[in-house]
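# A structural walkthrough
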Amino acid sequence: MAETVTLQVDGKEYHLPLVQGTEGERAIDITRLRAETGLITLDPGYANTGSCESAITYIDGEQGILRYRGIPIEQFENHPNFVEVAWLLIFGKLPDQQEYARFSEALTNTANIDESMKHNFQGFPRSAPPMAILSAMINALSCFHPEFRKVDDPDQLEAVAARLISKIRTIAAYAYRRSRGKPVMYPDPKLRYVTNFLHMMFSQPYEEYICDDITQDALNLLLILHADHEQNCSTSTVRMVGSSQANLFTSCASGVSALWGPLHGGANVQVIDMLKHIHEGQMTPEEYVRRAKEKTSGERLMGFGHRVYKNFDPRAVVLQRTAERLFRKMNKHDPLLDIARKLEEIALADSYFVERKLYPNVDFYSGVILRAIGIPVNMFTVIFAIGRLPGWIAHWAEQNASSTARISRPRQIYTGNPETRYVSLLKG
Ligand code: ACO
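Quick caveat, the model's predicted, so the values are computed rather than measured.

Here we come to the overall build of the protein chain. When its secondary structure is counted, the protein chain shows 17 helices and six strands. A compact globule built from 428 residues should have a C-alpha radius of gyration of about 22 Å, and the protein chain, at 23 Å, falls within 12% of that. Referenced to the eigenvectors of the C-alpha coordinate spread, the extents of the protein chain come out at roughly 80 × 70 × 55 Å. Relative to its full complement of 428 residues, the protein chain shows a buried share of 48%. In the protein chain, the share of contacts with a sequence separation of at least 24, taken over all contacts with a separation of at least 6, comes to 70%. Across the protein chain, 47 positive and 49 negative side-chain charges occur, with their mean positions spaced 6 Å apart.

Here you go:
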């Protein structure tokens, strides 16, 4: 017999089914709760709420485990290939030679954006945050590709996914060029995914940017480590917008907006600001950690803590190794990396952080890596968005294919006025 939990309300008993995932996590299925009891659940921030069943990514926050379609993320470290992982996430298995070649070709062939869309970049002020441009331009893609506005055609998934994954890097690079007042560089069909992006960012009409293998591997790995993280704020946003049957471009544009916030993807910028602040001598690492512990200071140790990871963030572990390797191979030194190491050492020995299970998260080391490969700080969260895109697409597609998906529409407990008469305070 199926397992249930018993709920007692007003002297009556209700039996709620338990569901179990493939890794043994259990949940109380409350689908019938309101219909049967008149009650709803209250869970601000959804920390205890499973919004869906998903076969894409598995996280065990206590053990520090992150797997894409069953594969532990550490296994991508030696031969990082973002395009291969993007396919894995979206289509549920690693691509074979033929699938990989076809998808790569589609990425190459669709890298350009419509010329008239290109003019839109001039309409933004030079100081416009690239995340704002990215969100607006991804949304604008739905104007230029009406053929992909339908959401119920699984045969189109490969084509629309390739377009979006390819064009996001063109849009990102153009947003950056706009902020620097530089001419746009068209994508080069000879280059692979990551190198083509760096070419559009950094080549000049009179000088080609040459990308070495170390940089290429580091950026591929960084994108892979950001590629999915189950029901995080931006992915849940994509799913929520997609649940109204909004098209993929629009749904992912909303994901970019959610990612922008400093408590989510924007944290990698805040980490660098914090490290620079300390480096410029405005505070010692010890003083900064002390302030981060004072609730009234309004400061937090940025890049520390995570809603799900309560042991360590496996992405941070790989990124720390990547940072050390990158600096060694590049024969570079960055004082901000020394400060990051010091902050980590102090925090991990401090009972405040130990008791609250606060460990470095993915953002703690990603900024120093991006700095080392020459990415400007205002593009950090944009890089995160490029990385997270395959995850958003995978979740959007999974939801559309699900027979049980419904429009997302949470409820609330109303705490406002009781019924009140309208008596206008305006004269006349
Ligand atoms: N520095 C100092 N104290 C912290 C920190 C931190 N970075 N993070 C959490 N705490 C404290 C809180 O003040 C709280 O203390 P209390 O119990 O005494 O009130 C306790 O730890 C629990 O914190 P919550 O905010 O309840 O944890 P939550 O799961 O809601 O938030 C979050 C997680 C937003 C990531 C938080 O740890 C944080 O703000 N970290 C800094 C920002 C950051 O690095 N964000 C990137 C997250 S990863 C990502 O989105 C890709």
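Structure's up, so let's keep going.
Ranked by size, the top nonpolar core spans 118 residues in total, and within it Y68, L134, Y193, M274, L275, I375 and I393 carry the most contacts. By residue number, the principal contributor to this core is helix 6 (residues 157–180), which donates 13 residues. Leaving out residues up to four positions away in the same chain, M274 has contacts with Y288, R300, L301, M302, L343 and F364.

Attention shifts here to the site of the ligand. Around the ligand there are 20 residues in total, and K295, R300, L301, R307 and Y352 lie nearest to it. Note that a nitrogen atom of the ligand is positioned 3.4 Å from one of the backbone N or O atoms of L263. Interatomic distance of 2.8 Å between a backbone N/O atom of L301 and a nitrogen atom of the ligand. Starting from 920 Å² of accessible surface for the ligand in isolation, the protein chains cover 76%. Class assignment of the residues belonging to the shell around the ligand gives a composition of ten nonpolar, five polar and five charged.

Here T57 is to be found in strand 4 (residues 57–60). Filtering out sequence-adjacent residues up to four positions away, T57 remains in contact with L66, R67, Y68, L89, D228, H229 and E230.

As summarised here, the arrangement of the three strands in space is 1-2-3, forming an open sheet in which the pairing is antiparallel. At either margin of the open sheet sits one strand with a lone partner, and together these are strand 1 (4–9) and strand 3 (26–28). Recorded for the sheet is a direction-independent mean angle of 30 degrees between the axes of neighbouring strands. Here six bridges tie strand 1 to strand 2 (residues 12–20), and the two strands are oriented antiparallel to one another. Along strand 2, the bridge assignment pairs V9 with K12.

Time to look at helix 6. Spanning 24 residues, helix 6 covers 35 Å between terminal C-alpha atoms, matching the ideal 34 Å at 1.5 Å per step. Taken across its 24 residues, helix 6 has 20 buried, putting it largely inside the fold. In the stretch just after helix 6, G181 is the one whose phi turns positive, near 65 degrees.

Going through the model one piece at a time under the given rule, you end up with twelve aromatic pairs. Geometrically, the ring pair formed by Y176 and F202 is edge-to-face, given 6.1 Å between the ring centres and 75 degrees between the ring planes. One end of the pair, Y176, is in helix 6; the other, F202, is in helix 7 (residues 193–202), with 26 residues separating them in the sequence. For Y176, a relative accessible area of 5% translates into the label buried. Classification of F202 as buried rests on a relative accessible area of 18%. Geometrically, the ring pair formed by F202 and Y209 is tilted, given 5.4 Å between the ring centres and 50 degrees between the ring planes. Each residue in the set F304, Y352, F353, F364 and Y365 is aromatic and connected to the rest through ring pairs, giving one cluster. A cation over an aromatic ring shows up here: R356 above the ring of Y352, its NZ or CZ 3.9 Å from the ring centre.

About the cut-offs
- Residues numbered from 1 in each chain as written.
- Predicted model: local features only at pLDDT ≥ 70, side-chain atom pairs only at ≥ 80, totals over all residues.
- Heavy atoms only, no water.
- Helix = DSSP H or I, 4+ residues; strand = E, 2+ residues; numbered from the N terminus.
- Rg over C-alpha atoms; globule rule 2.2 N^0.38 Å.
- Buried < 20%, exposed > 50% of the residue type's maximum accessible area, 1.4 Å probe, protein only.
- Contact = heavy atoms within 4.5 Å.
- Lys, Arg positive; Asp, Glu negative; His and termini not counted.
- Charge placed at Lys NZ, Arg CZ, Asp CG, Glu CD.
- Core = buried A, V, L, I, M, F, W, Y, C linked by side-chain atoms within 4.5 Å.
- Near = heavy atom within 4 Å.
- Polar contact = N/O pair within 3.5 Å; in protein donor to acceptor, adjacent residues only side chain to side chain.
- Areas by Shrake-Rupley, 256 points an atom, 1.4 Å probe, with all protein chains shown as cover.
- Nonpolar A, V, L, I, M, F, W, Y, C, P; charged D, E, K, R; others polar.
- Pairing = 2+ DSSP bridges.
- Axes fitted to C-alpha atoms, helices over the stretch in contact; angles between N-to-C directions.
- Expected span 1.5 Å × (residues − 1).
- Phe/Tyr/Trp six-rings, centres within 6.5 Å; stacked < 30°, edge-to-face > 60°.
- Lys NZ or Arg CZ within 6 Å of the ring centre and 35° of its normal.

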